[in-house]
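Inside the fold
Here's the letter readout for the chains.
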Amino acid sequence: MIEVQALSRRYGSRVAVNEVSFRVEPGEVVGFLGPNGAGKTTTLRMLTGYLAPTSGDIRIDGIDAVTNSIRARERLGYMPEGVPLYREMRVHEYLRHRGELKNVPKLADAVDRALDLAGVADARTRIVGQLSKGYRQRVGLAEALIADPPILILDEPTSGLDPNQVRQFRERGM
């Protein structure tokens, strides 16, 4: 479902990612491990179309993600490390808004499903900016899940979550 060949990203003379190649098959769960500055987030940003590679190829579900970024992104749910949320909206309003932008069919059902999967159904009417960091992280996860994407890319998904929340996600297969 994800195929990367000789992917590189440079910032001037500084090399952030150097000819990375890998393949992720359907159903596989893969993690990037490495020290700060190793290029993990940069690689994820290139996979998701938020950052153009300097060189290399990316295929998402058979789609060339460099030349057809929008179509490739339709196959992805992405939660960046710093989840960009509209803090003044209520959780269900935010998810409905993001679902509308993604043209999600049966939006009310999709919002309910995403709230349940991310474990934030109890916060659906709360204002996002009044939630704890862990709950805001889970709202970001719900947003990544709203369109029921075949591929989910999460950058630092457990940041801000307590150990019980991490255990709950593991039990759900996330």
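Now for a quick tour of the structure. Note that the structure is a prediction, hence the values are computed from the model and not measured. (Residues numbered from 1 in each chain as written. Predicted model: local features only at pLDDT ≥ 70, side-chain atom pairs only at ≥ 80, totals over all residues. Heavy atoms only, no water.)

To continue, consider helix H1 (residues 40-47). One turn of an α-helix holds 3.6 residues; hence residues three or four places apart share an orientation. For H1, a buried count of 7 out of 8 residues is recorded, marking the element as mostly surrounded by other parts of the structure. Regarding H1, the residues found buried are Lys40, Thr41, Thr42, Thr43, Leu44, Met46 and Leu47. Those residues of H1 that are buried lie in contact with strand E1 (2-11), strand E2 (14-24), strand E3 (55-60), strand E5 (76-79) and strand E6 (151-154). Of the residues one or two after H1, Gly49 is the one with positive phi, at around 85 degrees. (Buried < 20%, exposed > 50% of the residue type's maximum accessible area, 1.4 Å probe, protein only. Helix = DSSP H or I, 4+ residues; strand = E, 2+ residues; numbered from the N terminus. Contact = heavy atoms within 4.5 Å.)

Attention shifts here to the pattern of salt bridges. Pairing between side chains of opposite charge can happen when the charged atoms of each approach one another. The tally for this structure, following the rule as stated, stands at 7 salt bridges. When the shortest N-O distance is used, the salt bridge between Asp61 and Arg75 registers 2.4 Å. Of this pair, Asp61 sits in the loop between E3 and strand E4 (63-64) while Arg75 sits in the loop between helix H2 (69-73) and E5, placing them 14 residues apart in sequence. Note on Arg75: relative accessible area 29%, which makes it partly exposed. Note that Glu143 and Arg98 form a salt bridge whose closest N and O atoms lie 3.1 Å from each other. Of this pair, Glu143 sits in helix H5 (residues 133-145) while Arg98 sits in helix H3 (residues 91-101), and the two are 45 residues apart along the sequence. Judged by relative accessible area, which is 7%, Glu143 ranks as buried. (Salt bridge = Lys/Arg side-chain N within 4 Å of Asp/Glu carboxyl O.)

All told, the structure shown has 3 aromatic pairs when counted by the stated rule. Over the aromatic face of Tyr11 sits the side chain of Arg9, whose NZ or CZ is 4.6 Å from the ring centroid. One residue, Arg138, lies across the ring of Tyr135, its end atom 4.5 Å from the ring centre. (Phe/Tyr/Trp six-rings, centres within 6.5 Å; stacked < 30°, edge-to-face > 60°. Lys NZ or Arg CZ within 6 Å of the ring centre and 35° of its normal.)

Counting residues in each nonpolar core, the largest one holds 24 residues, and the members touching the most others are Val91, Tyr94, Leu95, Val120, Val139 and Ile146. Elements with a contribution of two residues or more to this core: H3, helix H4 (107-118) and H5. Formed by 20 residues, the second largest nonpolar core is a distinct cluster that contains Leu7, Val24, Leu44 and Ile63. (Core = buried A, V, L, I, M, F, W, Y, C linked by side-chain atoms within 4.5 Å.)

Moving on: the sheet that holds E1. The strand order E2-E1-E3-E4 describes an open sheet built from 4 strands, whose pairing is antiparallel. Edge strands, defined here as strands with exactly one partner in the open sheet, are E2 and E4. By the bridge criterion, 2 bridges tie E3 to E4 in an arrangement that is antiparallel. Counterpart to Ile60 in the pairing with E4 is Ile63. On top of the sheet, H1 reaches E1, E2 and E3; it is set at about 120 degrees to E1, its chief contact. (Pairing = 2+ DSSP bridges. Axes fitted to C-alpha atoms, helices over the stretch in contact; angles between N-to-C directions.)

Any functional reading would require information beyond the geometric quantities listed.
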